[in-house]
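One letter stands for each residue in the lines below.
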Amino acid sequence: MDYTQQILLFLIAVVANWFSALAGGGAGLIQLPILIFMGLPFPLALATHKIATVALGAGATLRHLRGGYLERRVLLLILLAGGPGVIGGVFFILDVDPRRAEIALGVLTLALALYSWFKPELGLQAEPRHRDIRGLLLGALVLTLIGFGNGALSAGSGLFVTLWLVHWFGLEYKTAVAQTLVAVGLGWNTIGALTMGGVADVQWSWIPALVLGSLAGGYLGAHTSIQAGNRTIKRVYELVTLLVALKLLLG
């Protein structure tokens, strides 16, 4: 790969991860299909993408640490509940037809977009709830299932976590996006990258440009998210979720 293609990879990563950091997920909408279009087979593209997206979480974490939107208890719950699911998802996808998995995930992602759209006040104000033992356990169970999806397919899992935090725990969108980018973008993606790197091939020559672009895009997207209002973030979330769903369904 020559330097012009490396620059292209960098720019793709910046754009994909900027949108992802603003909406709380969806980097795979742009980045993963382009890696496949540029010649990587699906398993190789998925492993390469997953490793690069760790930098998205790192860039977003650097910005959100300054923004004051992180809730340690929620972050810890996401990490502990979702981590085992991520590992299970990585091993599961190796033996499953990825196209069938993409269609199923596309239907669920479309449901997310419609659910948020038809609840216009959802996530605009913080309404803490389900912080008792029963609520935390049920919340953790769903996060484990979402973590499984994160390990299996790097497209849309962050969007599921963002909406789950808004719906179940009553977080506003801005706060939910911050937790997702740190716990999923950095935590889950690191677990997935280490697991995937041990069982699948990676296009290591593409990683530097993708990592630098993901780092820059994650930081810029997190900055934009902090500056924007909840209603703007909600609309961007719904747009990105809809696009991810269409991409997964149409192939």
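The shown structure was predicted, so the numbers you read here are calculated from the model rather than taken from an experiment.

**Student:** With reference to specific residues and values, describe a nonpolar patch on the surface.
**Tutor:** On the surface, Tyr3, Ile7, Phe10, Leu11 and Leu212 cluster together to form a nonpolar patch covering roughly 530 Å² of accessible area. It is helix α1 (residues 3-23) that contributes the most residues to the nonpolar patch, four residues altogether. Locating Phe10 in the fold gives a position in helix α1. Looking at Phe10, the relative accessible area reads 31%, which means it is partly exposed.

**Student:** Which residues make up the packing of helix α4 (residues 54-67) against helix α9 (residues 173-199), and what values go with them?
**Tutor:** Packing of α4 against α9 brings their axes to within 8 Å, and their N-to-C directions diverge by 145°. Crossing hand, α4 versus α9: left-handed. Contact with α4, carried on its side by Val54, Gly57, Ala58, Ala60, Thr61 and His64, involves Ala178, Leu181, Val182, Gly185, Leu186, Asn189, Thr190 and Ala193 of α9 and no other residues of that element. Here the residues of the contact of α4 with α9 sort into eight nonpolar, six polar and no charged.

**Student:** Quick one: what's the story with the confidence of the model for the protein, residue by residue and with numbers?
**Tutor:** Taken as a whole, the protein shows an average pLDDT of 86; of its residues, 96% reach a score of 70 or greater. Of all helices and strands in the protein, the one with the weakest mean pLDDT is helix α2 (residues 27-37) (80), whereas helix α10 (residues 207-227) scores best (92).

**Student:** Please provide a residue-by-residue account of the pattern of salt bridges, values included.
**Tutor:** Taken as a whole and judged by the stated rule, the model has three salt bridges. Salt-bridge contacts for Glu127 lead to Arg129; the nearest nitrogen and oxygen are separated by 3.5 Å. Taking the relative accessible area as the measure of exposure, Arg129 reaches 28% and is therefore partly exposed. Salt-bridge contacts for Glu238 lead to Arg235; the nearest nitrogen and oxygen are separated by 2.7 Å.

**Student:** Which residues make up unusual backbone geometry, and what values do they have?
**Tutor:** A positive phi angle, close to 55°, is found at His130, a residue other than glycine. By relative accessible area, His130 is classed as partly exposed at 31%.

**Student:** If you had to explain the nonpolar core to someone new, which residues and values would you point to?
**Tutor:** The tendency in soluble globular proteins is for nonpolar side chains to be buried as a group. By size, the foremost hydrophobic cluster in this structure holds 44 residues, and its most contacted members are Ile78, Leu143, Val161, Leu165, Phe169, Tyr173 and Trp188. Among the secondary structure elements, those contributing two or more residues to this core are α1, α4, α5 (72-93), α6 (98-117), α7 (133-152), α8 (157-169), α9 and α11 (230-250). Ranked by residues supplied to this core, first place goes to α8 with nine residues. When near neighbours in sequence (up to four residues on either side) are disregarded, Phe169 contacts Leu77, Glu127, Pro128, Arg129, His130, Arg131, Gly135, Leu136, Gly139 and Trp164. Grouped together as the second largest cluster of nonpolar side chains are 22 residues, Ile51, Val54, Met196 and Trp206 included.

**Student:** Lay out the side chain of Thr61 in plain terms, naming residues and giving numbers.
**Tutor:** Residue position: Thr61 is located in helix α4. Taking relative accessible area as the criterion, Thr61 reaches 11% and is therefore assigned buried. Ignoring anything within four residues of it in the chain, the contact list for Thr61 reads Val182 and Leu186.

**Student:** Mind laying out the packing of α1 against α10, listing which residues take part and the relevant values?
**Tutor:** Axis separation between α1 and α10 bottoms out at 6 Å; the angle between their running directions is 30°. With respect to α10, the element α1 is oriented roughly parallel. Considering how the two elements wind past one another, α1 and α10 form a crossing that is right-handed.

Reading the values: rules and limits
Residues numbered from 1 in each chain as written. Predicted model: local features only at pLDDT ≥ 70, side-chain atom pairs only at ≥ 80, totals over all residues. Heavy atoms only, no water. Patch = residues over 30% accessible without salt bridge, like charges linked within 9 Å, V, L, I, M, F, W, Y side chains within 5 Å. Areas by Shrake-Rupley, 256 points an atom, 1.4 Å probe, with all protein chains shown as cover. Salt bridge = Lys/Arg side-chain N within 4 Å of Asp/Glu carboxyl O. Helix = DSSP H or I, 4+ residues; strand = E, 2+ residues; numbered from the N terminus. Buried < 20%, exposed > 50% of the residue type's maximum accessible area, 1.4 Å probe, protein only. Axes fitted to C-alpha atoms, helices over the stretch in contact; angles between N-to-C directions. Left-handed = near helix turned anticlockwise from the far one by under 90°. Contact = heavy atoms within 4.5 Å. Nonpolar A, V, L, I, M, F, W, Y, C, P; charged D, E, K, R; others polar. pLDDT = per-residue confidence, 0-100. Core = buried A, V, L, I, M, F, W, Y, C linked by side-chain atoms within 4.5 Å. Parallel < 35°, antiparallel > 145°, perpendicular 65-115°, else oblique.

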